[in-house]
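These are the residues of each chain, in order.
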Amino acid sequence: VNACDPASTAGFGAGLLPPRARTNRLTFRGDELACVSRGNHRAVDISIGPDDPDLPLVLSFMVEARRRAVAPVRHVVVRTVNGLRASDSPYAGGFKALGFEVDRGTLTLW
């Protein structure tokens, strides 16, 4: 859910919820907030485990941004995951499984 979407809970309360900005996205698994992406995917906070079987589904919105038919982004660059350098994150394997590559400490989907 884009954080600007009227259905989004972004901007309410404290914690993981980012401000309502068009560059922020929320991913839910049921009623659980599973992932927050800030700044066009540059900073990602994931609240499910790196070995969770739903991780590819939770991160699939980033792949969709690159491969969508209308206005796809040229590439997706993730700089940090849960405050750690993306390439050093325990989630790096999950990103790589979706086609991301390590590029100078970031994870990039071309």
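Residues numbered from 1 in each chain as written. Predicted model: local features only at pLDDT ≥ 70, side-chain atom pairs only at ≥ 80, totals over all residues. Heavy atoms only, no water.

A. Representation of the sheet that holds strand 8 (residues 106-109) in the model. The three strands lie next to each other as 4-8-7, forming an open sheet whose pairing is antiparallel. Both edges of this open sheet fall to strand 4 (76-78) and strand 7 (101-103), since each of them pairs with a single strand only. Within the sheet, the average angular offset between the axes of one strand and its neighbour, ignoring direction, is 35°. Bridge count for strand 4 against strand 8 is three bridges, and the pairing is antiparallel. Across the sheet, residue Val 78 finds its bridge partner in strand 8, namely Leu 107. (Pairing = 2+ DSSP bridges. Helix = DSSP H or I, 4+ residues; strand = E, 2+ residues; numbered from the N terminus. Axes fitted to C-alpha atoms, helices over the stretch in contact; angles between N-to-C directions.)

B. Representation of the environment of Thr 23. For Thr 23, the location among the structural elements is in the segment before strand 1 (25-29). Along the primary structure Thr 23 and His 41 are separated by 18 residues, whereas in three dimensions their C-alpha atoms are 7.8 Å apart. In this view, Thr 23 contacts Ser 37, Arg 38, Gly 39, Asn 40 and His 41; residues no more than four positions away in its chain are not counted. (Contact = heavy atoms within 4.5 Å.)

C. Molecular detail of the packing of aromatic side chains. Under the defined criterion, the tally for this structure stands at one aromatic pair. Taking the centre distance of 5.1 Å and the plane angle of 85° together, the rings of Phe 95 and Phe 100 count as edge-to-face. According to the relative accessible area criterion, Phe 100 is buried, its value standing at 4%. (Phe/Tyr/Trp six-rings, centres within 6.5 Å; stacked < 30°, edge-to-face > 60°. Buried < 20%, exposed > 50% of the residue type's maximum accessible area, 1.4 Å probe, protein only.)

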